[in-house]
Amino acid sequence: MEKKLSISLDHEVAFYDVDSYRIAWHGSYVKYFEVARCKLLELIGFTYNDMEKSGYFFPIIDLNVKYVRPLIFGQKFTITATLIEWENRLTIQYLIEDKNTGERITKGRTSQVAISMPDNITQFVSPPALIDKVKNAMERICE
């Protein structure tokens, strides 16, 4: 079985993330994804600042969210971000589970592509800087 780079974070639904029914607003999940994605990129050693320093932006080109159950105010949950593709695009899969029961709450996925700066040309293969960082992280963490 192939090992994958992954990170899990514990979180709690804050009042500012909920609607008038105390259910997490649908857009809050995207923020949770972003927090987990940034931590995963730190683990890899290729943060958004590193991306920019290497001469590329990595905008989100696709976002998918499947709401299974609602998160509610004060609920503790774990969000796991897993790198599933990096050679041609950066694709990360997310899973939000109830912290106490392990029940699946939400799952999702984001895809990003490298855009060279300053000419704004889409790259159809990930730049060597990303590929090298992923390979190094996999050797460091997954072995």
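Higher on the page you've got the structure.
Residues numbered from 1 in each chain as written. Predicted model: local features only at pLDDT ≥ 70, side-chain atom pairs only at ≥ 80, totals over all residues. Heavy atoms only, no water.

Draft legend 1. How the structure looks around the sheet that holds strand E2 (residues 56-57). The three strands are arranged E2-E7-E8 in an open sheet whose pairing can be described as antiparallel. Only two strands of the sheet have a single partner each, and these edge strands are E2 and strand E8 (121-122). (Pairing = 2+ DSSP bridges. Helix = DSSP H or I, 4+ residues; strand = E, 2+ residues; numbered from the N terminus.)

Draft legend 2. Region of interest: the nonpolar core. In this structure, Leu5, Leu71, Ile79, Leu83 and Ile96 are the most contacted members of the largest nonpolar core, which totals 35 residues. When residues of this core are traced back to their parent elements, those giving at least two are strand E1 (6-12), helix H1 (26-44), strand E4 (76-85), strand E5 (90-98) and helix H3 (128-141). Ranked by residue count, the leading element in this core is H1, at seven residues. (Core = buried A, V, L, I, M, F, W, Y, C linked by side-chain atoms within 4.5 Å. Buried < 20%, exposed > 50% of the residue type's maximum accessible area, 1.4 Å probe, protein only.)

Draft legend 3. Summary view of the packing of aromatic side chains. Applying the stated rule across the entire model yields six aromatic pairs. Considering the side-chain rings of Phe15 and Phe73, the 5.5 Å spacing of their centres and the 85° angle between planes classify their relative orientation as edge-to-face. Here Phe15, found in the loop between E1 and H1, pairs with Phe73, found in the loop between strand E3 (60-67) and E4; they are 58 residues apart in sequence, far enough to count as distant. By relative accessible area, Phe15 is classed as exposed at 53%. Given a relative accessible area of 36%, Phe73 falls into the partly exposed group. Here the aromatic rings of Tyr29 and Tyr67 are separated by 5.0 Å at their centres, their planes lie at 80°, and the arrangement is edge-to-face. Of this pair, Tyr29 sits in helix H1 while Tyr67 sits in strand E3, placing them 38 residues apart in sequence. Taken together, the ring pairs in this structure connect Tyr29, Tyr32, Tyr67 and Phe77 into an aromatic cluster. (Phe/Tyr/Trp six-rings, centres within 6.5 Å; stacked < 30°, edge-to-face > 60°.)

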